[in-house]
Amino acid sequence: MSDFVHKAVMLGEVLETLRPKSGGVYVDGTVGGAGHAAAILTASSPTGWLYGCDRDGAAVETARQRLTDFAGRFELRQGNFAELDTWVPAEQCDGILLDLGVSSPQLDQAERGFSFQQDGPLDMRMDRAQALTAAELVNTASAEHLAAIFWEFGGERDSRRFARAIVRRREQNPFSTTRELAELIERLAPRRGAKAHPATKVFQALRLAVNDEIGSLERGLESTVKLLRPGGRLAVITFHSLEDRVVKDFGRVWTRDYTFTGGVDVPELREPRAPELRWVSRKAIKPSTRELAENPRARSAQLRVLEKLPERSA
Ligand SMILES: C[S@@+](CC[C@H](N)C(=O)[O-])C[C@H]1O[C@@H](n2cnc3c(N)ncnc32)[C@H](O)[C@@H]1O
């Protein structure tokens, strides 16, 4: 699909931290339009290898076309990065990239149903073979469940009021399009000059829920630890605080030099252990002002990098 165009975010920073080299093995768990993947393959010429995946079949197809010049140096699969450890060899990877969220084509193509700015089916599935769509969720979940989604995944303060109104309206007329939902929210919370559309948080929350994005991220991060070789690096680009918190929590657990023992009837104890990962930089890396001026979608991006430590005998 030649209309799948996505500008890779923080490309220079990703290359600086993953330092691709010939003979190295890399993973792009969110291959999208293959901007990062092509750059990693170029930088690791002539013999670097890349395993790539994306949940979106259209993205994998585009990536395959974009990477034809690198034939024989990559393997691409459609799938969730949470399952990378089922097909990528263990402890072989020098660098892994997860560039989270949605791609520009997913947002821009009205028929994918991600955007409240365009009218399309209320879909939001990254993997179009998945049964659950946003319409299904909005038309069948209880008001309590919807409110919990809007609050937990969107931080929407009006979560309960919106959820109740959705349930009332669907009794007469179930939702089928993005515009129907966006208009209902706009009626409930008129914009009154605010910069962000009032449905922004609801749409983000539904997208995260439909695709189980937070659960996938938690499982995906765990699976990458098995794939990295000592000295190998994991780079994660997040786009909102919820994702970033998951990465920080994951890093905190894997970089600490103790673990907890104990249980229900036994006092909790800290046991020393060798940490498996280290933070490459303490603070999140942000896009340059130049990139921000050129690509507004980089606005909320943050890059965090962890490195696998060599095994140490205790
Ligand atoms: C920001 S885009 C990646 C763009 C890509 N780095 C590039 O250079 O074109 C995010 C991509 O990740 C995919 N994605 C999101 N969550 C995923 C998951 N759990 N497993 C696999 N792919 C996922 C989306 O379908 C989307 O194509």
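Residues numbered from 1 in each chain as written. Predicted model: local features only at pLDDT ≥ 70, side-chain atom pairs only at ≥ 80, totals over all residues. Heavy atoms only, no water.

**Remarks on the pattern of salt bridges**
Which entries qualify depends on this criterion: A side-chain nitrogen of Lys or Arg and a carboxyl oxygen of Asp or Glu constitute a salt bridge if their distance falls within 4 Å. The helix count covers DSSP runs of H or I at least four residues long, the strand count covers runs of E at least two residues long, and both are numbered beginning at the N terminus. A 1.4 Å probe rolled over the protein chains alone gives each residue an accessible area, and that area as a share of the maximum for its type sets the label: buried under 20%, exposed over 50%, partly exposed in between.
By the definition in use, this model includes 17 salt bridges. Across the pair aspartate 85 and lysine 226 runs a salt bridge whose closest N-O atoms are separated by 2.7 Å. Of this pair, aspartate 85 sits in the loop between strand E3 (74–78) and strand E4 (93–99) while lysine 226 sits in helix H10 (residues 213–227); the two residues are 141 residues apart in sequence, bridging distant segments of the chain. Across the salt bridge formed by arginine 219 and aspartate 212, the nearest N and O atoms sit 3.4 Å from each other. Of the residues examined, arginine 219 reaches a relative accessible area of 39% and is grouped as partly exposed.

**Description of the state of the cysteines**
Formally, a disulfide is one covalent bond, and it connects the sulfur atom of one cysteine to the sulfur atom of another. Rules: Count a disulfide wherever a pair of cysteine sulfur atoms falls within 2.5 Å.
The tally for this structure, following the rule as stated, stands at 0 disulfides. Distance from the sulfur of cysteine 53, which forms no disulfide, to the nearest cysteine sulfur (cysteine 93) is 12 Å. Residue cysteine 93 is classed as buried on the basis of its relative accessible area of 0%.

**Section: the layout of surface pockets**
Applicable threshold: Think of a 1 Å grid over just the protein atoms. A cavity is a set of points where a 1.4 Å probe fits yet cannot get out, a pocket is an open set with protein on both sides within 12 Å along at least five of seven lines, and lining residues have an atom within 4 Å of a point. Grid points are joined across faces, edges and corners, and a volume is the space filled by probe spheres set on the points. Gly counts as polar in this scheme, as do all residues outside two lists: the nonpolar Ala, Val, Leu, Ile, Met, Phe, Trp, Tyr, Cys and Pro, and the charged Asp, Glu, Lys and Arg.
Its boundaries defined by the atoms lining it, the second largest pocket holds a volume of some 170 Å³. Every residue along the wall of the second largest pocket is listed here: Glu91, Val225, Lys226, Pro230, Ala274, Pro275, Glu276, Lys308, Leu309, Pro310, Glu311 and Arg312. Across the lining of the second largest pocket, the residue classes break down as 6 nonpolar, no polar and 6 charged.

**Observations regarding the side chain of glutamine 302**
Applied cut-off: Residues adjacent in sequence count toward polar contacts only when both atoms are side-chain atoms; beyond that, a polar contact is any pair of N or O atoms within 3.5 Å, and within protein one must be able to donate a hydrogen and the other to accept it. Only heavy atoms matter for contacts: two residues are in contact if any of them lie within 4.5 Å across the pair.
Assignment of secondary structure puts glutamine 302 in strand E9 (residues 302–308). For glutamine 302, the side chain forms a polar contact with the side chain of aspartate 244, separated by 3.4 Å. If near-sequence neighbours (up to four positions away) are discounted, glutamine 302 is found in contact with Met10, Val236, Ile237, Thr238, Asp244, Ala284, Ile285 and Lys286.

**Here's the deal with the site of the ligand**
Short version of the rule: One heavy atom suffices: a residue is near a molecule or strand as soon as one of its heavy atoms comes within 4 Å of it.
Taken together, 24 residues surround the ligand, and among them Gly33, His36, Asp54, Phe81 and Asp99 come closest. Histidine 36 is positioned with one of its side-chain polar atoms (N or O) 2.8 Å from a nitrogen atom of the ligand. Taken together, the residues of the shell around the ligand break down into 7 nonpolar, 13 polar and 4 charged.

**So, the pairing of strand E2 (residues 49–54)**
Rules: Pairing between strands requires that DSSP locate at least two bridges from one strand to the other. When the strands point away from the viewer, a crossover counts as right-handed if the path from the first strand over the helix to the second runs clockwise.
Among the 6 residues in E2, 5 count as buried, and that is most of the element. Summarising the sheet, strand E1 (residues 25–28) and E2 pair through 4 bridges and their orientation is parallel. In the sheet register, valine 25 faces E2, and the bridge partner there is tryptophan 49. Tracing the backbone out of E1, into helix H2 (residues 35–43) and back to the parallel element E2 gives a crossover that is right-handed. Here E2 runs beside E3; their pairing, made up of 5 bridges, is parallel. Across the sheet, aspartate 54 pairs through a bridge with glutamine 78, a residue of E3. On the question of chirality, the crossover connecting E2 to the parallel E3 by way of helix H3 (residues 57–66) is right-handed.

**Focus on the packing of aromatic side chains**
Put simply, the rule reads: Within 6.5 Å between ring centres, the rings of Phe, Tyr and Trp (the latter by its six-membered ring) count as paired, and their orientation is classed by plane angle as stacked under 30 degrees, edge-to-face over 60, tilted in between.
For the structure on display, the rule yields 4 aromatic pairs. Taken together, a centroid distance of 5.9 Å and an interplanar angle of 80° make the contact between tyrosine 51 and tryptophan 87 edge-to-face. Placement of the pair is tyrosine 51 in strand E2 and tryptophan 87 in the loop between E3 and E4, with a sequence separation of 36 residues. Here tyrosine 51 matches tryptophan 87 in class, with each residue buried.

**Comments concerning the sheet that holds E1**
Selection criterion: An axis is simply a line fitted to the C-alpha atoms; with a helix, the fit covers only the stretch in contact. Between two such axes, the angle follows the N-to-C directions and lies from 0 to 180 degrees.
With mixed pairing, the 7 strands of this open sheet are ordered in space as E3-E2-E1-E4-E5-E9-E8. In this open sheet, the two strands that pair with only one neighbour each are E3 and strand E8 (277–279). Taking each pair of neighbouring strands and ignoring which way they run, the sheet shows an average axis angle of 15°. Across 3 bridges, E8 lies against E9 in antiparallel orientation. In the sheet register, arginine 278 faces E9, and the bridge partner there is glutamate 307. Contacts from helix H1 (residues 11–18) reach E1, E4, strand E5 (228–238) and E9 within the one sheet, and its direction differs from that of E5 by about 165°.

**Description of the nonpolar core**
Cut-off, in case you're wondering: What is meant by a nonpolar core is a set of buried Ala, Val, Leu, Ile, Met, Phe, Trp, Tyr and Cys residues, joined one to another through side-chain atoms within 4.5 Å.
Leu122, Phe150, Ile166, Leu181 and Leu206 are the most contacted members of the largest nonpolar core, which totals 34 residues. Listed by contribution, the elements that provide at least two residues to this core are helix H5 (134–140), helix H6 (143–154), helix H7 (159–172), helix H8 (178–188) and helix H9 (200–210). Looking at which element gives the most residues to this core, the answer is H9, with 6 residues. Aside from chain neighbours lying at most four places away, what touches isoleucine 166 is Val138, Leu146, Phe150, Phe175, Leu181 and Leu184. In this structure, Val88, Leu98, Leu100 and Leu208 belong to the second largest nonpolar core, which totals 29 residues.

In short, shape yes, function no, at least from these values alone.
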